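Close look at the chain arrangement
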Amino acid sequence: MGISVFDIFKIGIGPSSSHTVGPMRAARMFLDGLKAEGLLPLVTAVRTELYGSLSATGKGHGSDKAVILGLLGHTPESVPVEEVERFLAEVRFAQKVNLLGEHEVVFIEKDHLKFERKTLPFHANGLRFVAYGENGYELRARFYYSVGGGFVVDGGSRSEGGGNREQTEEGPGTGGGAATGPDASKVEGRTRPYPFRSGQELLAICREKGLRISDVMLANEAAWRPEAETREGLMKIWEVMQACVNRGCRTEGILPGGLKVKRRAPDLYQQLLANPEAGLRDPLTAMDWVSLYALAVNEENAAGGRIVTAPTNGAAGIIPAVLHYYRRFVPGADDDGVQRFLLTAAAIGVLYKENASISGAEVGCQGEVGSACSMAAGAICEVMGGTPEQVENAAEIGMEHNLGLTCDPIGGLVQVPCIERNAMASVKAIHASRMALRGDGQHFVSLDKVIRTMRDTGADMKAKYKETARGGLAVNVIEAPIDLSVGLPEC
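Described in the following lines is the structure provided in the data block. (Residues numbered from 1 in each chain as written. Predicted model: local features only at pLDDT ≥ 70, side-chain atom pairs only at ≥ 80, totals over all residues. Heavy atoms only, no water.)

**Focus: empty space enclosed by the protein**
Scanning the entire structure with this criterion turns up 6 cavities of 30 Å³ or more. Roughly 150 Å³ of internal volume is contained in the largest cavity. Lining the largest cavity are 18 residues, and of these Gly-314, Glu-368, Cys-407, Val-414 and Cys-418 sit closest to its centre. Secondary-structure elements contributing two or more residues to the lining of the largest cavity are helix 2 (17-36) and helix 19 (418-437). Per-element accounting of the lining of the largest cavity gives the leading share, 3 residues, to helix 19. (1 Å grid on protein atoms, 1.4 Å probe; cavity = no way out; pocket = protein on both sides within 12 Å on 5 of 7 lines; lining within 4 Å. Points joined across faces, edges and corners; volume = space filled by probe spheres on them. Helix = DSSP H or I, 4+ residues; strand = E, 2+ residues; numbered from the N terminus.)

So, in structure tokens, the structure goes:
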């Protein structure tokens, strides 16, 4: 399987890559399959069932809304966030949904969208779609699994197994989603010059060819598209990250969902602007800016705004925060460095995706915030002049000190502790890179071993600590029920 930089970084909406982006993609994929088989005009109703973590925290993460948007034919990349509430209100008022914008059928939410408490065998984030024809005849039924970072696996017609990974909608400058097939060096018949499945293999390529990690990733991207298109797509990702930070710094108010969490980024932004000379007295002021960037992104994510999944929505603030640090605080930073940063981060993200998991429902928050911290640490290390060995060391440090991190969102919302957790991990990533740059790249624990340890730790972790809102802060903080029916505001 080949994973592109644009599989790791996707433009989408909040609040969750596995609970919002994934279900929206899955609904669209199911309808695309119906249309391809010529069955769409025969459909009279579609029923959706959400299982496991999608059921436990789906309301807080907007999974129900995401499914409706997907049935309407929207994608996370292109859905107009300012129109989301109107789309949902129209469907609920009319009790009808216009499938793919082409075929209207009855849709009574309490009957056609069900939260099922049990967990399916293949993955904690399971969905089942059933399309019915006249007289309740079952036209097509399909299982899908949202496995983290917006990746969706087609499970076929059986619940216990997963089929090939499928991706809907191409991102900016991409040539498609993840490839399938037995040859990991091939992408739809095109050869990746430097396939790698481990950190050890990646470092061996760098040593043998005299390449940086970003060079290896860029060369492999040529299997999908010309280099100029890859670079253009990377700059588009950076533009969306910057726009997200700008919105987050200027949008005041209370986050949706019932916790009544106040947005903090606007106040912090004004404080930093009002006292710019503080940086002359306190060298750690730069870290306040890093925290601001992360808070801004994750508050936008919590409000359902436009963000970049990096590699998940719950951890979406870390890579933009550290990339903003590079662009604004590192002398000599330029667009080429931005591209190399994203390519290096993606190469590290590929290792986590292929050898462990980036799903909080599968391995806890170590798979989300931990992997993003690791990716950002390695990326900033490279653009600050680190060798491939130092980059690998920085990435290892970034994860080693996130091992065991639980996913325990209060009220099932991507707010507490998720937003602050991104700010802390952003600072940790910069610290990890600086430690690595002070060394020679030789270290005791390899990146491959820490990835394997993260995977094993996730397997040992109790289910209540894996995005179910049934353990940790999710149960020890709340004294009164949370109203998860509160909708996302217009953004």
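**Regarding the pairing of strand 1 (residues 10-13)**
Taking every second residue as pointing to the same face, both faces of strand 1 are buried, with Lys-10 and Gly-12 on one and Ile-11 and Ile-13 on the other. Sheet analysis places strand 1 next to strand 12 (residues 306-309), joined by 4 bridges and oriented antiparallel. Bridge pairing in strand 12 links Ile-11 to Val-308. (Buried < 20%, exposed > 50% of the residue type's maximum accessible area, 1.4 Å probe, protein only. Pairing = 2+ DSSP bridges.)

**Section: the pattern of salt bridges**
Summed over the entire model, instances satisfying the criterion amount to 29 salt bridges. Its salt-bridge partner being Lys-59, residue Asp-64 comes within 3.3 Å of it at the nearest N-O pair. Here Asp-64 falls in the buried class, since its relative accessible area comes to 4%. Judged by its relative accessible area of 40%, Lys-59 is partly exposed. For Asp-154, the salt bridge identified is with Arg-142, shortest N-O distance 2.9 Å. A residue pair is termed long-range when its members are at least 10 positions apart, and Asp-154 in strand 8 (residues 151-156) and Arg-142 in strand 7 (residues 138-148) qualify at 12 residues. The exposure class assigned to Asp-154 is buried, which follows from its relative accessible area of 6%. (Salt bridge = Lys/Arg side-chain N within 4 Å of Asp/Glu carboxyl O.)

**A short note on helix 19**
Taking 1.5 Å per residue, 20 residues should reach 28 Å; helix 19 reaches 29 Å between its end C-alpha atoms and fits that length. Three or more residues of helix 19 are buried, namely Cys-418, Ile-419, Arg-421, Asn-422, Ala-423, Ala-425, Ser-426, Ala-429, Ile-430, Ala-432, Ser-433 and Ala-436. Where helix 19 is buried, its residues contact helix 13 (285-302), helix 14 (318-329), helix 17 (369-383) and helix 18 (388-400). (Expected span 1.5 Å × (residues − 1). Contact = heavy atoms within 4.5 Å.)

**Quick word on the packing of helix 14 against helix 19**
Viewed as axis vectors pointing N to C, helix 14 and helix 19 meet at an angle of 50 degrees, and their least axial separation amounts to 9 Å. Between helix 14 and helix 19, the angle falls in the class oblique. Here helix 14 runs over helix 19; the crossing is right-handed. Across the interface between the two elements, Ile-318, Ala-321, Val-322 and Tyr-325 from helix 14 touch Asn-422, Ala-425, Ser-426, Ala-429, Ile-430 and Arg-434 from helix 19. (Axes fitted to C-alpha atoms, helices over the stretch in contact; angles between N-to-C directions. Parallel < 35°, antiparallel > 145°, perpendicular 65-115°, else oblique. Left-handed = near helix turned anticlockwise from the far one by under 90°.)

**Notes on the side chain of Arg-421**
Inspection of the secondary structure assignment puts Arg-421 in helix 19. Classification of Arg-421 by relative accessible area gives buried; the value is 17%. Looking at Arg-421, its side chain comes within polar contact range of the side chain of Asp-408, at 3.5 Å. Apart from residues no more than four positions distant in its own chain, Arg-421 is found in contact with Cys-365, Val-369, Leu-405, Thr-406, Cys-407 and Asp-408. (Polar contact = N/O pair within 3.5 Å; in protein donor to acceptor, adjacent residues only side chain to side chain.)

**Focus: the environment of Val-240**
Positionally, Val-240 belongs in helix 10 (residues 227-250). For Val-240, a relative accessible area of 10% puts it in the buried group. In this structure, the C-alpha to C-alpha distance between Val-240 and Ser-63, residues 177 residues apart in sequence, is 23 Å. If we ignore the near neighbours within four places in the chain, the residues touching Val-240 are Ile-11, Arg-306, Ile-307 and Val-308.

**Digging into the layout of surface pockets**
If you add up the space inside the second largest pocket, you get close to 220 Å³. Lining the second largest pocket are 13 residues; nearest its centre among them are Leu-203, Arg-207, Glu-392, His-443 and Ser-446. Elements with a contribution of two residues or more to the lining of the second largest pocket: helix 8 (199-209) and helix 18. It is helix 8 that provides the largest number of residues to the lining of the second largest pocket, a total of 4 residues. For the lining of the second largest pocket, a count of residues per class yields 3 nonpolar, 6 polar and 4 charged. (Nonpolar A, V, L, I, M, F, W, Y, C, P; charged D, E, K, R; others polar.)

**Considerations on the nonpolar core**
By size, the foremost hydrophobic cluster in this structure holds 106 residues, and its most contacted members are Phe-9, Phe-196, Met-241, Ile-319, Phe-341, Leu-342 and Tyr-352. When residues no more than four places from it in sequence are discounted, the contact partners of Phe-9 are Ile-237, Met-241, Val-308, Thr-309, Ala-310, Ile-319, Leu-342, Ala-345, Ala-346 and Met-375. (Core = buried A, V, L, I, M, F, W, Y, C linked by side-chain atoms within 4.5 Å.)

**With respect to the side chain of Asp-64**
Structurally, the position occupied by Asp-64 is in helix 5 (residues 63-71). With sequence-adjacent residues up to four places away left out, Asp-64 is seen in contact with Gly-58, Lys-59, Arg-92, Glu-109, Leu-113 and Phe-115.

**Looking at helix 14**
Between its terminal C-alpha atoms helix 14 stretches 16 Å, which fits the 16 Å expected from 12 residues at 1.5 Å a residue. Counted residue by residue, helix 14 has 9 buried out of 12 residues, so it is predominantly covered. Residues of helix 14 that are buried include every one of Ile-318, Ile-319, Pro-320, Ala-321, Val-322, Leu-323, His-324, Tyr-325 and Tyr-326, and no others. On its buried face, helix 14 sits against helix 10, helix 13, helix 15 (335-355), helix 17 and helix 19.

All quantities given are derived from atomic positions and should not be read as evidence of function.
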